[in-house]
Amino acid sequence: MRKLVIIQTVIPDYRKYFFSAIETALNNSFELYGGDFYFESSIKSDSKISKISIINHFYFNRKLLFQTGIWHLLFKDVILVMEMNPRILSNWIFLIIRKIINRKTVLWGHAWPRSGAHSKSDLLRNIMRLLANKIIVYTNQQQLELKNKMPKKEILVAPNAVARASMMAFSKSSDQFNLIYVGRLTKRKKPYFLVKAFASEVDKYPSNTKLIIVGEGEEKDKIKKYIAENKLSNSIVLLGHISNHEKLKELYFNSFFSISPGYVGLSITQSFGFGVPMLVSKDENHSPEIEALKVEENGLFFKTDSESDFNTILLESFKKRDSWIQKRVQILSSCKQNYSTEAMAKVFVDLVR
C-alpha cells in the first residue's frame, strides 16, 4: 500500500477529528504537512494536531504563497493530496513535474473560486484541475457541476465535516431560547450586523433569550464596544474562540437557533450536528456547505442585510418554537448520515486502498 501524504496551508482545530480518522485507518502510511498561518492570518494551525511543520512564505500582501519543507516529496511515489488553490505557487511546480514523471497527485478543495464558476480566475483553477489525477470536492452539487465541465476526470466528494458521528447529539430538553453565532469575527461574516439587528428589537424576544457569539477576529473590539455603549451585556454574550467539543455542546444545547449573518461555512454542519436549525442570510456568496440547508426542515433564510426581516422571521420562529424543537431529531439524524468526519475521511483513505 502506497503512502498517503496531505499538504495543507494550515491545520486548524476543526480538522482534528478528520485527520485523526485518517491516521487511525492508515497509521504509518499517512503523513500530514502544514504551516502555521493561512492567507487570512486569523486562521492558524492547532498545535495539538500532529503534523510535519513546513514554512509558508506569503507575497504581495498575503495574496500569493510559496511553501518550503515539502520538496523532498516532489519525486516520491506517494498519493499526494494538495490544495486546489492557484495562489499557492509551489503547488504548480508539483503538479507540472509530477504529471511529467507520472506520479499521482490529487487536488482537494472548492470546485470553483468564490467569485463563481464563470469567473476569470477559474481559468487558472481549471489548468490545475487538468494537471491532477483526481479531484476531491466538498459537495454533491459541486461534483455534478464539475463533472459536466470535465466528464473524463475522476471527481470524488468528501462532505465537509467537523465532528464524529458518535459526538453528534441534541438536547432532549425543550428549554432552549438562546441564539448562537460560531465563526470568525470578520466583516465578510457580518457579526456586527447580527449584534445590531438583535439589539434593535431585543425587547420583543423572550426575556431569557441571549445572543451568544463565539469567535475571534478584527470585529471583536467593535462589537465589544457596541455592547458596552448600549448596555447590552445581559442580552449579548461575547465569548472568544472555543474549540472544546463539550463546551460547544453545552452552548448549542441551550440554543434555539444558530445564525449565519454573512456567508455560510462549516458552522452550518456543526449546528446541525447538535440538532440546532440555522437562520441564514440569503443573498451571500455562500460556501458549498449551504447545500445542507433545507428550508423549513433544518433552517430558514432572511433578506440579506435587513434587520427588520431578520427579526420578523426569527420572532415568527419563536412562535413556532415547539415545532422547531421537534425537528431536532431529524436534523441530527440527517447530519450524522451525511456530514461525519468518518465519512469524509473514508474518501481519502480509499485513495490508497
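> Can you walk me through the overall build of the protein in this structure?
Looking only at helices and strands, the protein features 12 helices and 15 strands. Relative to the compact-globule value of 20 Å for 353 residues, the protein shows a C-alpha radius of gyration of 21 Å, a close match. Taken along its principal axes, the extent of the C-alpha atoms in the protein is 65 × 40 × 40 Å. Considering the protein as a whole, with its 353 residues, one finds that 54% of them fall into the buried category. Taking all contacts inside the protein whose residues are at least 6 apart in sequence as the whole, residues at least 24 apart take part in 66%. When the accessible surface of the protein is split by element, carbon and sulfur atoms take 51% of a total near 16,500 Å².

> For this particular structure, what's the right way to read the packing of helix α5 (residues 191-200) against helix α9 (residues 307-319)?
Geometry of a packed helix pair, given as the angle between the helix axes and the separation of the axes. The contact between α5 and α9 brings their axes to 9 Å, and the two run at 65°. The handedness of the crossing between α5 and α9 is right-handed. For the pair formed by α5 and α9, the contact residues are F193, L194, K196, A197, F198 and S200 on the first element and E307, F310 and N311 on the second.

> Help me out: how do you make sense of the packing of helix α1 (residues 16-26) against helix α12 (residues 341-349) in this one?
Closest axis-to-axis distance for the α1/α12 pair is 8 Å, and the angle between their directions is 50°. Judged on the interaxial angle alone, α12 and α1 are oblique. Where α1 crosses over α12, the two elements pack in a sense that is right-handed. Along its contact with α1, which presents Y17, F18, A21, I22, A25 and L26, the element α12 presents T341, M344, A345, F348 and V349. Partitioned by chemical class, the residues of the contact of α1 with α12 number 10 nonpolar, one polar and no charged.

> How should I be thinking about empty space enclosed by the protein in this particular structure?
Tallying each qualifying case throughout the model produces one cavity of 30 Å³ or more. What the largest cavity holds in volume is close to 70 Å³. In this structure, the largest cavity is lined by A161, V162, A163, M167, M168, H245, T269, Q270, G273, F274, C335 and Y339. Partitioning the lining of the largest cavity into residue classes produces eight nonpolar, four polar and no charged.

> Would you mind going over the sheet that holds strand β10 (residues 178-182) with me for this structure?
Sheet strands pair by backbone hydrogen bonding; their relative direction is either parallel or antiparallel. The sheet built from six strands is open, its strands ordered β12-β11-β10-β13-β14-β15 with parallel pairing. The outermost strands of the open sheet, each flanked by one partner alone, are β12 (236-239) and β15 (299-302). Across the sheet, the axes of successive neighbouring strands diverge by a mean angle of 20°, strand direction being ignored. In terms of strand pairing, β10 meets strand β11 (residues 211-214) through four bridges, oriented parallel. Bridge pairing in β11 links I180 to I212.

> Which parts of the structure should I look at to understand the pairing of strand β1 (residues 4-10)?
The two faces of a sheet get side chains in turn, since along a regular strand they alternate between them. Counted residue by residue, β1 has seven buried out of seven residues, so it is predominantly covered. Pairing of β1 with strand β2 (residues 30-35) involves six bridges; the strand directions are parallel. Following the sheet pairing, L4 is matched in β2 by F30. Following the chain from β1 across α1 to the adjacent parallel β2, one finds a crossover that is right-handed.

> I'm lost on the packing of aromatic side chains in this one. Help?
The relative placement of two aromatic rings is captured by the distance of their centres and the angle of their planes. Taken as a whole and assessed by the stated rule, the structure comprises 20 aromatic pairs. With a centroid separation of 4.8 Å and 40° between ring planes, the pair formed by W71 and F94 is classed as tilted. Of this pair, W71 sits in the loop between β5 (64-68) and β6 (79-83) while F94 sits in helix α2 (residues 89-100), and the two are 23 residues apart along the sequence. By relative accessible area, which is 28% here, W71 ends up partly exposed. Ring plane angle 75° and centroid distance 5.6 Å describe the contact between Y205 and F318, whose orientation is recorded as edge-to-face. One end of the pair, Y205, is in the loop between α5 and β11; the other, F318, is in helix α9, and 113 residues separate them in sequence. Across the pair, F318 and Y205 agree in class, each one buried. Ring-pair connections join several aromatic residues into one group, and the members of that group are F198, Y205, F256, F257, F318 and W324. Seen from the ring of Y192, K222 lies directly overhead, with NZ or CZ sitting 4.2 Å from the centre. Sitting above the plane of the F177 ring, R321 keeps its charged end 4.0 Å from the centroid.

> Looking at this structure, how should I read helix α11 (residues 328-338)?
A turn of α-helix holds 3.6 residues, and therefore any two residues three or four places apart point the same way. Of all the positions in α11, only R328, I331, L332 and C335 are classed as buried. Taken around the axis of α11, the buried residues stretch over an arc of 95°, which confines them to a single face. Opposite the buried face of α11, at more than 90 degrees from it, the exposed residues are Q330 and Q337. Looking at the buried residues of α11, the elements they touch are α7 (245-253), β13 (255-260), α8 (267-272) and α10 (321-326).

Calculation rules
Just so you know, the residues in each chain are numbered from 1, in the order the chain's sequence is written. Given that this is a predicted model, residues contribute local features only at a pLDDT of at least 70 and side-chain atom pairs are listed and counted only at 80 or more, while totals for whole chains, interfaces and linings are drawn from all residues. Side-chain metrics rest on all non-hydrogen atoms present in the structure, leaving aside hydrogens and water. Each helix is a run of H or I in the DSSP string that is no shorter than four residues. Each strand is a run of E no shorter than two, and both are numbered from the N terminus. Both definitions apply: the radius of gyration is a C-alpha atom measure, and the globule rule equals 2.2 Å times residues to the power 0.38. Each residue is assigned to one of three classes by its accessible area relative to the maximum for its type, calculated with a 1.4 Å probe on protein chains only: buried under 20%, partly exposed between the two thresholds, exposed over 50%. Two residues qualify as a contact provided that any one of their heavy atoms is within 4.5 Å of a heavy atom in the partner residue. Working definition of accessibility: Shrake-Rupley area with a 1.4 Å probe, residue cover restricted to the visible protein chains. Angles run from 0 to 180 degrees between N-to-C directions of axes, and those axes are lines fitted to C-alpha atoms, restricted for helices to the stretch in contact. Helix crossings fall into two classes, left-handed where the near helix is turned counterclockwise from the far one by less than a right angle and right-handed where it is turned clockwise. Roughly parallel here means an angle under 35 degrees, roughly antiparallel means over 145, roughly perpendicular means 65 to 115, and every remaining angle is called oblique. Only Asp, Glu, Lys and Arg are considered charged in this grouping, and only Ala, Val, Leu, Ile, Met, Phe, Trp, Tyr, Cys and Pro are considered nonpolar; every other residue, Gly among them, is considered polar. Residues are said to line a cavity or pocket when one of their atoms sits within 4 Å of a point; the points come from a 1 Å grid over protein atoms alone, cavities being sets where a 1.4 Å probe fits but cannot get out and pockets being open sets with protein on both sides within 12 Å along at least five of seven lines. Grid points are joined across faces, edges and corners, and a volume is the space filled by probe spheres set on the points. Pairing between two strands requires that DSSP report at least two bridges joining them. The path from the first strand over the helix to the second decides the hand: if it runs clockwise while the strands point away from the viewer, the crossover is right-handed. Paired rings are identified among Phe, Tyr and Trp, the last through its six-membered ring, by centres lying within 6.5 Å, and are further divided according to the angle between planes into stacked (under 30 degrees), edge-to-face (over 60) and tilted (the rest). Note on geometry: a ring has a charge over it if NZ (lysine) or CZ (arginine) is within 6 Å of the ring centre and within 35 degrees of the ring normal. Think of the arc as the fan of directions from the helix axis to the C-beta atoms.

In short, geometric facts, not functional conclusions.
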